[in-house]
Amino acid sequence: MSQRVKFNQRLFDLPLLQGFGRSIHARRLARQTRFQSTATRFFRNLKQFQALEGPLSGLADRQAPLRILVAGCSFGCEAYSLAGYLAVRFPHVDWTIDAFDISRAAIAVAQRGVYGAKHGLAYPLESEARPYADRLFEICGDKRSIVPDIRRRVSVSHGDLLADDFTADRSYDLVLAQNFLVHMENQAASEAFARIVGAVKPGGAIFVGGMDLDTKVGLIKHHELIPVDWEIEWPSTIATKCADRLWPWGYWTLEPIDRSRPDFTARYSTIFRTKAAAS
Ligand SMILES: C[S@@+](CC[C@H](N)C(=O)[O-])C[C@H]1O[C@@H](n2cnc3c(N)ncnc32)[C@H](O)[C@@H]1O
């Protein structure tokens, strides 16, 4: 981490400067041009996946197959990382993943399933990720390709979450929609969020790391979602990976966690559940 970034972090971590940081960030949010990117990486959200062995353990315990949707999957790193995790940790569970992205170029990479540093597989992987990587990849020259039995269980297609004909009616146990809602204008993010919620079964879960926090808190309330208290202080992917432009300078960066906030869990959690169906 550069000296400039370290200094920036220390400065805005000071409680006295957080209010000042918030007003800079609000201005950046209002004025900076939003942009989408296909940046992604294998195993960057293992902590979230571990919720499937914690507060979300009921989802994988059922007799019925576990159905997962990954919206905005980019090159497929997130979907395949989850697939590798499930293959190791839940070998007896019947699961499938549907993944889609608006970028045809990214989808072509995800469908091919062959990876090097350019598409999210930079070595060395963190030691925690290695057992899953060993299960997920086979060597393919100087690259790694997804092993066939996992590749068959992940279906990758082109799709736009905001398209008029988008449908996914309450058919998934878990929906991931991460690191792209933050790049949408508020109205589009609200519509996209409604579609994500609409894709989840009652009692299911969504992972929505990487979205504007005020927008998220409003939408959580509106859709009556239940925040899951799990690894909340684990740093967000967006905040840590855009290290050269940390909060408050970029509209997509995340504020330092404020433990005193009454809406702490809704604001900083990235995992939410829909209400279970009334029996
Ligand atoms: C920064 S990448 C994140 C990939 C992955 N979710 C992750 O967190 O590693 C965001 C992806 O969302 C996709 N995206 C943006 N808007 C979309 C939309 N309306 N429908 C589907 N995908 C979209 C972009 O093309 C991009 O590949």
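Bear in mind that the values here come from a model prediction, so they are computed numbers and not experimental data.

**A word on the environment of L162**
- With respect to the secondary-structure elements, L162 resides in the loop between β6 (154–158) and β7 (172–177).
- The spatial distance from the C-alpha of L162 to the C-alpha of E231 is 30 Å, given a sequence separation of 69 residues.
- For L162, the residues in contact, after removing those within four places along its chain, are A188, E191 and A192.

**Thoughts on the pairing of strand β2 (residues 95–101)**
- Within β2, five of the seven residues are buried, which leaves the element mostly enclosed by the surrounding structure.
- In this sheet, β2 lies alongside strand β1 (residues 66–71) in parallel orientation, the contact comprising six bridges. For V70, the partnering residue across the bridge sits in β2 and is A99.
- In the classification by handedness, the crossover that spans β1, the intervening helix α5 (residues 77–89) and the parallel β2 is right-handed.

**Observations regarding α5**
- Between its first and last C-alpha, α5 extends 18 Å over 13 residues, near the 18 Å set by a 1.5 Å rise per residue.
- For α5, the tally of buried residues reaches ten of 13 residues, placing the bulk of the element in the interior.
- Every buried residue of α5 is listed here: C77, E78, A79, Y80, S81, L82, A83, G84, Y85 and L86.

**So, the UniProt feature "domain: CheR-type methyltransferase" (unreviewed entry) in the protein chain**
- Those residues carrying the UniProt feature "domain: CheR-type methyltransferase" (unreviewed entry) are residues 40–209 in this numbering.
- When the span residues 40–209 is considered, its composition is 32% helix and 25% strand, and the gap between its end C-alpha atoms is 13 Å.

**Some thoughts on the sheet that holds strand β4 (residues 137–140)**
- Pairing is antiparallel across the open sheet formed by three strands, whose spatial order is β3-β5-β4. Strands at the two margins of the open sheet, each flanked by one partner only, are β3 (114–115) and β4.
- Pairing between β4 and strand β5 (residues 143–146): four bridges, direction antiparallel. From the neighbouring strand, I139 faces β5, where its bridge partner is R144.

**Considering the nonpolar core**
- Counting 64 residues, the largest nonpolar core has V175, L181 and I206 as the members making the most contacts within it.
- No other element matches α5, which puts seven residues into this core.
- Setting aside chain neighbours within four positions, we find V175 in contact with L69, A71, I196, A199, V200 and I206.

**Focus on the sheet that holds β7**
- Taken in spatial order, the seven strands line up as β6-β2-β1-β7-β8-β10-β9 in an open sheet, and their pairing is mixed. Lying at the two open borders of the sheet, with one neighbouring strand each, are β6 and β9 (226–227).
- Against the sheet, helix α6 (residues 104–112) engages β2 and β6, with an angle of about 160° to β6.

**A word on unusual backbone geometry**
- Although it is not a glycine, F43 adopts a positive phi angle of roughly 60°.
- Its place among the elements puts F43 in the loop between α2 (15–31) and α3 (46–49).
- The class for F43 is buried, based on 23 C-beta atoms found within 10 Å.
- In this structure, E231 takes a positive phi of about 50° despite not being glycine.

The rules behind each value
- Residues numbered from 1 in each chain as written.
- Predicted model: local features only at pLDDT ≥ 70, side-chain atom pairs only at ≥ 80, totals over all residues.
- Helix = DSSP H or I, 4+ residues; strand = E, 2+ residues; numbered from the N terminus.
- Contact = placed C-beta atoms within 7 Å.
- Buried ≥ 20, exposed ≤ 12 C-beta atoms within 10 Å, placed from the backbone.
- Pairing = 2+ DSSP bridges.
- Right-handed = clockwise from strand over helix to strand, strands pointing away.
- Expected span 1.5 Å × (residues − 1).
- UniProt positions renumbered as here; feature names shortened; annotations may be inferred.
- Core = buried A, V, L, I, M, F, W, Y, C linked by C-beta atoms within 7 Å.
- Axes fitted to C-alpha atoms, helices over the stretch in contact; angles between N-to-C directions.

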